[in-house]
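Structure at a glance
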Amino acid sequence: MNLTIADVRLTPILVADPPLLNTQGVHQPYTPRLIVEIETADGVTGLGETYGDTKYLELARPFAEKLIGRQVSDLNGLFTVADELAVDSSRVSGQVDVGGLRGVQTADKLRLSVVSAFEVACLDALGKTLGLPVHALLGGKVRDAVEYSAYLFYKWADHPEGIASEKDDWGAAIDPAGVVEQARKFKERYGFTSFKLKGGVFPPDEEIAAVRALAEAFPDHPSASTPTAPGPWRLR
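Residues numbered from 1 in each chain as written. Predicted model: local features only at pLDDT ≥ 70, side-chain atom pairs only at ≥ 80, totals over all residues. Heavy atoms only, no water.

So, the sheet that holds strand β1 (residues 5-16)
- In spatial order, the strands read β1-β4-β5; together these three strands make up an open sheet with antiparallel pairing. The open sheet is flanked by β1 and β5 (45-51), the only strands paired with a single partner. Between one strand and the next, the sheet's axes are offset by a mean angle of 20°, whatever the strand orientation.
- Of the strands in this sheet, β1, β4 (30-40) and β5 are in contact with helix α1 (residues 54-67), which crosses β1 at around 160°.
- Across the sheet, helix α3 (residues 107-130) is in contact with β1, β4 and β5; its angle to β5 comes to roughly 160°. (Pairing = 2+ DSSP bridges. Helix = DSSP H or I, 4+ residues; strand = E, 2+ residues; numbered from the N terminus. Axes fitted to C-alpha atoms, helices over the stretch in contact; angles between N-to-C directions. Contact = heavy atoms within 4.5 Å.)

Here's the deal with the packing of aromatic side chains
- Summed over the entire model, instances satisfying the criterion amount to nine aromatic pairs.
- Ring centres of W170 and F186 lie 4.7 Å apart, and the angle between their planes is 45°; this geometry places the pair in the tilted category. In this pair, W170 is assigned in the loop between β6 (150-153) and α5 (176-190) and F186 in helix α5, connecting sequence segments 16 residues apart.
- Exposure remark for F186: the relative accessible area of 15% places this residue in the buried category.
- Taken together, the ring pairs connect W170, F186, Y190 and F192 into an aromatic cluster.
- Note that R189 overlies the ring of W170, its terminal NZ or CZ placed 4.8 Å from the centroid.
- Above the plane of the ring of Y151 lies K196, whose end atom (NZ or CZ) is 4.5 Å from the centre. (Phe/Tyr/Trp six-rings, centres within 6.5 Å; stacked < 30°, edge-to-face > 60°. Buried < 20%, exposed > 50% of the residue type's maximum accessible area, 1.4 Å probe, protein only. Lys NZ or Arg CZ within 6 Å of the ring centre and 35° of its normal.)

Details of the environment of S73
- With respect to the helices, strands and loops of the structure, S73 is situated in the loop between α1 and α2 (75-83).
- Taking the C-alpha atoms as reference points, S73 and E207, separated by 134 residues in sequence, lie 48 Å from one another.
- If we ignore the near neighbours within four places in the chain, the residues touching S73 are L3 and L126.

Looking at the pattern of salt bridges
- Under the counting rule described, the total for this entry stands at 13 salt bridges.
- One salt bridge in this structure joins E49 and R33, with 2.8 Å as the shortest N-O distance. Within this pair, whereas E49 is found in strand β5, its partner R33 is found in strand β4, the two being separated by 16 residues in sequence.
- Among the residues examined, E49 registers a relative accessible area of 42% and is labelled partly exposed.
- Between R189 and D169 there is a salt bridge, with its nearest N and O atoms 3.0 Å apart. Residue R189 is located in helix α5, and its partner D169 is located in the loop between β6 and α5; the two are separated by 20 residues in the primary sequence.
- Judged by its relative accessible area of 51%, D169 falls in the exposed class.
- Taken together, the shared-partner salt bridges connect D7, R9, E37 and E39 into one network. (Salt bridge = Lys/Arg side-chain N within 4 Å of Asp/Glu carboxyl O.)

So, helix α6 (residues 204-217)
- Relative to the 20 Å expected for 14 residues at 1.5 Å per residue, α6 spans 20 Å between its end C-alpha atoms, a close match to the ideal helical length.
- Within α6, burial applies to E207, A210, V211, A213 and L214. Down the axis of α6, the smallest arc covering the buried residues is 155°, so these residues share one side. Counted as exposed and oriented over 90 degrees from the buried face of α6: D205, R212 and E216.
- Buried-residue contacts for α6 involve β6, α5, β7 (195-198) and β8 (223-226). (Expected span 1.5 Å × (residues − 1). Arc of directions from axis to C-beta.)

Below you can see the structure in the form of structure tokens.
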């Protein structure tokens, strides 16, 4: 087998995003992502993905060029290569991101966000070459199955007028009835049996009412809210 990286392909894409509400307002109509494809000399391809904003592409492109001729099994070497990449100081604000979720943006965090996509792609290609699932490369399987919760969002029916976007059929969810209906669609379409509501949009009493409505509508399904700081929820 030949584990040499023969080609790396980068494909920026835009993923349609519905008008989901959060502490900062509403989601953009499209989310940029970057698809990473690593191909070995034997023609085995591994896939990874990460953020697709310009500042990530600026690092991903020279990073991809440096990987040609290296081994997909040399995972530690990815971080050595990343350390060689200069980060434009204008791309590092030193400030907490607008949503307050990722903390302060640093050069190292920017690099790691890029490297992660290539690391996953290398693991994917290595696993396919060896005939092993990726978990076997990471120490072994921990469980046979993982139950997922449906992630409910407060949302508008449409993005603001005049903004190019793609229509979805989920409708609005800005009150308890709308949240319950959204959960019902998740259950009917995809079989979810637990729900998590993205909080921090409306005053706590309104969001508590929505969680209680979920518990009443689906008494056998766990429900919870995950408030996001900064927002109307406060620890006391």
